[in-house]
Each structure stands twice: as C-alpha cells, then as structure tokens.
Amino acid sequence: MNNILDSFSKVAKNEGVTITKLEHVIGASKGVLSRAIANNSDIQAKWILKLVENYPQYNSEWLLTGKEPMLKSKNTPIAIKTGSSNGYPLVSVTAIGGFGNSAFTILPQDVKEYYNIPKFNNKKIDFMIEVEGSSMYPKYSSGDIVACTVIKESRFIQWNKTHVIATKEQGIIIKRVKKGVSEDSLTMISDNENYDPFSVPKEEITGIALVVGVIRLE
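Residues numbered from 1 in each chain as written. Predicted model: local features only at pLDDT ≥ 70, side-chain atom pairs only at ≥ 80, totals over all residues. Heavy atoms only, no water.

**As for the confidence of the model for the chain**
As a general rule, the predicted coordinates of low-pLDDT regions are not to be interpreted in detail.
In step 1: Chain-level pLDDT for the chain is 82 on average; 85% of the residues reach the 70-or-more range.
In step 2: The spread of mean pLDDT over the elements of the chain runs between strand E1 (residues 78–79), the lowest at 48, and strand E9 (residues 185–189), the highest at 96.
In step 3: Note that pLDDT drops below 50 for residues 78–83; the model gives that stretch 19 contacts with residues more than four away or on any other chain. (pLDDT = per-residue confidence, 0-100. Helix = DSSP H or I, 4+ residues; strand = E, 2+ residues; numbered from the N terminus. Contact = heavy atoms within 4.5 Å.)

The structure is reproduced here in structure tokens:
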C-alpha cells in the first residue's frame, strides 16, 4: 500500500471509524477510498486536502510521506473549521485569541469535544463555550453552552448584542458590548442588574466573538 493510502487507513483506525465513515466525513462517494486501498491505486489530491481539513490534528507531512510524528504537537495551533464534519468544537475558557487578526486559532488541547448540532447548521458557528457565573442571568445561566461566531475586525461588532470577550487581565467574559466612553475602549454590560457596567481598553482585548446560539440543560 502506498504511503498516502496507508495514512488514510491509520487515521480511520486511530479515530475508531470505518473507511466508509471516513469517506462520508471527507465528502467522498462510497467506495472511493476502499477501492483505492484494495487496488493500491492513486486517489485525487482533493481527498487528501479534505482529510487535512477535517482532521487538522494530524501532521500533513506524515499524511503524505509517512514520516513521524503522526500527530501535531499539542502546542501547535490549529484553525477552527466552521461546520467541520467533526462537529462544532467546545473549547475551554483559555482558548480565545486574535482580536482583529485574519486567522482565529486554538490549541488542540483547548478543544474539549466536538458536537454535531443540526439546529446550528444554518448558522456560522466557529466554536462553543460554557457560561460561568451569573452576570448574564436570566438571559444565560451558569452551565449554559453558547455558540459563537468569531469577530475578526472590530467594525463588525454588533452593539448591545452578547459577545464572548477574551481579555489579558480578566480572562474570558460574556457581556453585552456597547461603544466605550472613548474610541480606544468598549463598555461591558451585564443582564444581571447586580453587576455594574465597566469599560475595557481595546488593547486589553485579545479575542471577541458574537453569541449566536445557546444550549441549556435543565
């Protein structure tokens, strides 16, 4: 078996899926991979690219040549893929960065799990994150999981809508965002009246995303 087909087989085994399931994940017709593996024949380059897109934790050099390591280092950033066949990533509260950057990335170890949620398929979901605390009650309760779309440029902030904001000093906060008292700041508003609004300098913000959906468990 050539190196690339061997890599496909090893990915399937490592992920605990069949070759048929792997074909489904990368969008290939049934039998495309299994026939190539059985006949030791070549496959189209687009299926290699699809494998890299859907399984970014695998080292691309290993996929092509078989040269170890198979998996990327846990410290190697990976891009979040909206609507990935793996599902939507539920990330830890340490994962958000890149305010105003062209590429939003997370570390592999920051992804707790991937979930397929059909209700979110018509939305641009980049990641999900769990709400902590009561500052946004009753809109959001502690333990709710919010689905978010990354804001790559500050001009796309939707004023008075709820956002997930990563800050240098306060970590991750979930607040309604309004224009600040100055051009270089933003005002954070809680839905819970027991929490006062406060200002955050833009230079303190390392990431921001719009909340576009929520999962609530009773």
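Read on, since the account is not over.
**Some points on the side chain of Thr 149**
In step 1: Along the chain, Thr 149 falls in strand E6 (residues 145–150).
In step 2: Taking the relative accessible area as the measure of exposure, Thr 149 reaches 12% and is therefore buried.
In step 3: When residues no more than four places from it in sequence are discounted, the contact partners of Thr 149 are Lys 124, Ile 125, Asp 126, Ala 209, Leu 210 and Val 212. (Buried < 20%, exposed > 50% of the residue type's maximum accessible area, 1.4 Å probe, protein only.)

**Considerations on the pairing of E9**
In step 1: Across the five residues that make up E9, a large majority, five, are buried.
In step 2: Where burial is concerned, the two faces of E9 agree: the one with Ser 185, Thr 187 and Ile 189 and the one with Leu 186 and Met 188 are both buried.
In step 3: Where strand E8 (residues 171–179) and E9 come together, four bridges link them in antiparallel fashion. Bridge pairing links Lys 178 to Thr 187 in E9.
In step 4: Note that E9 and strand E10 (residues 198–201) share four bridges and pair antiparallel. Bridged to Leu 186 within E10 is Val 200. (Pairing = 2+ DSSP bridges.)

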